[in-house]
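One-letter residues, chain by chain:
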Amino acid sequence: MATSTTSTTPLPARRRSHLARQEAIAFYLFVAPWIIGFLVFTAGPVVASAYLSLTQYDIANPPVFIGLGNYVALARDPLFWKSLSVTTSYAILALPLGLVASIALALLLNLRLPGLSIWRTIYYLPSVTSGVAVALLWQWIFQPTFGLLNVVLYQVFHVVGPQWLYDSNWVIPAFVIMSLWSVGGSMLIYLGGLQNIPTQLYEAAEIDGAGAWARLWHITLPMLTPVILFNLILGIIGVFSYFTNAYVMTQGGPNYASYFYLLALYQNAFEFLKMGVASAQAWIFFVIVLVLTIITLKSANYWVYYEGKIE
Amino acid sequence: MSSTVESVARPSPGTRTARSVAWWQRRSTRQRALKAVATLIAALFAVAVLFPVVWMISTSLKTTDQTAAIPIIWVPIPPQWHNYIDALTAEDFGLFFRNTAIITVGSLIGTVLSSSLAAFGFARLRAPGRNFLFILVLSTLMLPAPVTIVPRFILFTKLHWINTFLPLIVPAWFGGGAFNVFLLRQFFMTVPREMDEAARIDGAGFFQIYWRIMLPMSLPALGIVCIFHFIYAWNDFFEPLIFLNNNNVWTVAIGLAGFTAAYGGTAWNLLMAASLVAMLPCVLLFFVAQRYFVQGVVITGVKG
């Protein structure tokens, strides 16, 4: 990091420290907007929500301190546990399936197929159209009588499809199917990861007589593990932030079968104005994500392979 | 065409008896077959991705009766183009588009400026506490925005900012997202320092170096930040839902959700027409700036 200016013309010590101070002041001026934003919109709210989680608060009246009352109430609330189990079951299905599908697609495209850029474009397209419009499209696809999925199931495979969003057993699988539609976003990340693997590794393995499976298992996947780790952590955060689809397509129904964690938090805060309870939920959210991230990072020692140079 | 030549000239490793291998076991034939199968799978998945989109477009041009027809009518004749007019005038979508554009552009400029300012500081200026602050920036990546939504709502309520665009624009001017700061810092570090030093000898201050050298040199990275922020802001639903309650400040996403509440379950043709129009800006941007998307995803995902 030592710059060349100081070495060419030795400055007097006082002048040098003056320059260093100027640079430090400039640094804090450049970073000032970020620091202000961090204090006002991130750190402040985190501390405030810790306090609010210990109070009863509906905005109209001042908060009343009730200790751990909100946490105790949540622990006894079957809907809170329901929201956790809904989120967990979605995560257990969607994260591994998404992982396998996106790596498989990336491996496929990495064969230098003809039309690579066309496939890449098509696969990535759903990722730019997230949000309410996509939720509406899939609500229509899952429509039990006239929806695309059940019509195709019946006409092509002669299977009478389930009621999807109206059936408490099928609503989570429906959201999982929907998530696979936009698997192209993470596929692109893995494709980049694949293209970063040095070809010498494959050449060396081939000379040693390694077959295609051995190369996949002993080179490709180990070299991809840092990217998998990164995606897994983002995936965990994403699952706990799952909101728009559940809000638009099912409102958490039927019978709370798609009552995702953030939907539960939203309803407590902005429909029932229970700001204290919602803050407690936010803190539990934060702690769960933190713990899962730490577990994932710790477990990384056993399954993630870092090449020396990666920072 | 050259399969025989190749297999003679370059016997495949691992098979010492290359001559006795049947044609379908030969490396080049097998590779070509593998490629054909792989291309077929790739094409099938592409069809699976596009199928819903085609169906969406088709639905948007149908009469209500046609949407409920089995077997599916793929090409409605005559196409009901007026569905688009009906859908977009059923609610004040013109206003919603204008609102969304103001929020998106307003927060976009703030995001680019504040994240690039911070990134310049972290990439180029030495100061005590810099490393600590940078770790702080990275640690906010682990803090999902919904965690702080309740106190922010209370703050904006006290400031009387609810039902204005301010809660969706102002925070972007202060920070611009840890992801963007990180991405731009990594990019700035690749700009040769000699550029700065030459400018400093000419008497340029740090801000001039940032503004006249670093930003123009980093247009691809700034493009990536712009594009991802545009997509995020245009599609965002959670925060507008909380901060914008009156329908005169609604965004397109909120308008669409409100539209479903009114017409859901029946007017699928109108819903699909409105949804398609809502998606259009992002899809157009994607096709225009595809190269940046690919680069951006790879940079943030692989090197991040």
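A. Region of the structure containing the overall build of chain A. From N to C terminus, chain A includes 14 helices and 2 strands. Seen along its three principal axes, the alpha-carbon backbone of chain A occupies a region of about 85 × 70 × 35 Å. Here chain A holds 311 residues, and 37% of them are scored as buried. A separation threshold of at least 6 residues defines the contact pool for chain A, and within that pool the share at least 24 residues apart is 66%.

B. Layout of the overall build of chain B. Counting secondary structure elements, chain B contains 16 helices and 0 strands. Considering chain B as a whole, with its 304 residues, one finds that 40% of them fall into the buried category. Put simply, 74% of the contacts in chain B that link residues at least 6 apart link residues at least 24 apart.

C. Looking closely at the domain arrangement of chain B. Domain annotation for chain B reports domain 1 (23-85) and domain 2 (91-263). Averaged C-alpha coordinates put domain 1 of chain B and domain 2 of chain B at centres separated by 37 Å.

D. Quick look at the packing of helix 5 (residues 116-128) of chain A against helix 9 (residues 184-195) of chain A. All names here are of chain A. In the contact formed by helix 5 and helix 9, the axes pass within 7 Å of each other and the chain directions differ by 130°. Taken together, the axes of helix 5 and helix 9 lie oblique to each other. On helix 9, the residues that touch Arg120, Tyr123, Tyr124, Pro126 and Ser127 of helix 5 are Gly184, Gly185, Met187 and Leu188. Classifying every residue of the contact of helix 5 with helix 9 by side-chain character gives 5 nonpolar, 3 polar and 1 charged.

E. Inspection of the packing of helix 12 (residues 219-235) of chain B against helix 15 (residues 268-288) of chain B at higher detail. All names here are of chain B. Running from amino to carboxyl end, helix 12 crosses helix 15 at an angle of 165°, the nearest separation of the two axes being 10 Å. Classified by the interaxial angle, the pair formed by helix 12 and helix 15 is roughly antiparallel. Once helix 12 is placed against helix 15, the crossing between them reads as left-handed. Between helix 12 and helix 15, the contacting residues are Ile227, Phe230, Ile231, Trp234 and Asn235 on the first element and Pro281, Cys282 and Leu285 on the second.

F. Looking closely at the interface of chain A and chain B. The interface of chain A with chain B comprises 79 residues on the first partner and 76 residues on the second. Considering every element that reaches the side of chain A that touches chain B, the biggest residue donor is helix 2 (residues 13-52) of chain A, with 20 residues. Among the residues forming the side of chain A that touches chain B, the class breakdown is 59 nonpolar, 18 polar and 2 charged.

G. Quick peek at the domain arrangement of chain A. Residues and elements named next belong to chain A. Entries for chain A in the domain assignment read domain 1 (14-65) and domain 2 (78-303). Using C-alpha coordinates to define each centre, domain 1 is positioned 34 Å away from domain 2. Facing 10 residues of domain 1, the contacting portion of domain 2 comprises 7 residues. For the side of domain 1 that touches domain 2, the elements supplying multiple residues, two or more each, are helix 2 and strand 1 (55-56). Sorting elements by how many residues they give to the side of domain 1 that touches domain 2 places helix 2 first, with 3 residues. Residues that form the side of domain 1 that touches domain 2 fall into these classes: 5 nonpolar, 4 polar and 1 charged.

H. Just unusual backbone geometry, in detail. Of note, the bond from Ile77(B) into Pro78(B) is cis; its omega dihedral lies within 30 degrees of zero at -10°. With respect to the element layout, Pro78(B) can be found in the loop between helix 3 (64-67) and helix 4 (82-90). Of note in this structure, Trp164(A) is not a glycine but carries a positive phi near 45°. Looking at the element boundaries, Trp164(A) is found in the loop between helix 7 (148-157) and helix 8 (171-181).

I. Spatial organisation of the environment of Ala257(B). By the element assignment, Ala257(B) lies in helix 14 (residues 252-263). As for Ala257(B) and Ser116(B), which are separated by 141 residues in sequence, their C-alpha atoms are 34 Å apart. Every residue in contact with Ala257(B), bar those within four places of it in the chain, is listed here: Val132(A) and Val248(A).

J. Focus on helix 14 (residues 275-303) of chain A. Here helix 14 of chain A spans 41 Å end to end across 29 residues, near enough to the 42 Å set by a 1.5 Å rise per residue. Listing the buried residues of helix 14 of chain A in full gives Met275(A), Gly276(A), Val277(A), Ala278(A), Ser279(A), Ala280(A), Gln281(A), Ala282(A), Ile284(A), Phe285(A), Phe286(A) and Val289(A).

K. Layout of the confidence of the model for chain A. Taken as a whole, chain A shows an average pLDDT of 86; of its residues, 94% reach a score of 70 or greater. Looking over chain A, one finds the lowest element-wise mean pLDDT in helix 1 (residues 4-8) of chain A, namely 44, and the highest in helix 8 of chain A, namely 94.

L. Quick peek at the environment of Thr104(B). Residues and elements named next belong to chain B. Within the secondary structure, Thr104 is located in helix 5 (residues 93-124). When the 22 C-beta atoms within 10 Å are taken as the criterion, Thr104 is described as buried. Considered as a pair, Thr104 and Met279 are 175 residues apart in the sequence and their alpha carbons are 14 Å apart. Not counting residues within four places of it along the chain, the set of residues in contact with Thr104 comprises Phe230, Ala233 and Trp234.

Each value, and the rule that gives it
Residues numbered from 1 in each chain as written. Chains lettered and ligands numbered in written order. Predicted model: local features only at pLDDT ≥ 70, side-chain atom pairs only at ≥ 80, totals over all residues. Helix = DSSP H or I, 4+ residues; strand = E, 2+ residues; numbered from the N terminus. Buried ≥ 20, exposed ≤ 12 C-beta atoms within 10 Å, placed from the backbone. Contact = placed C-beta atoms within 7 Å. Domains from an automatic or database assignment. Axes fitted to C-alpha atoms, helices over the stretch in contact; angles between N-to-C directions. Parallel < 35°, antiparallel > 145°, perpendicular 65-115°, else oblique. Nonpolar A, V, L, I, M, F, W, Y, C, P; charged D, E, K, R; others polar. Left-handed = near helix turned anticlockwise from the far one by under 90°. Expected span 1.5 Å × (residues − 1). pLDDT = per-residue confidence, 0-100.

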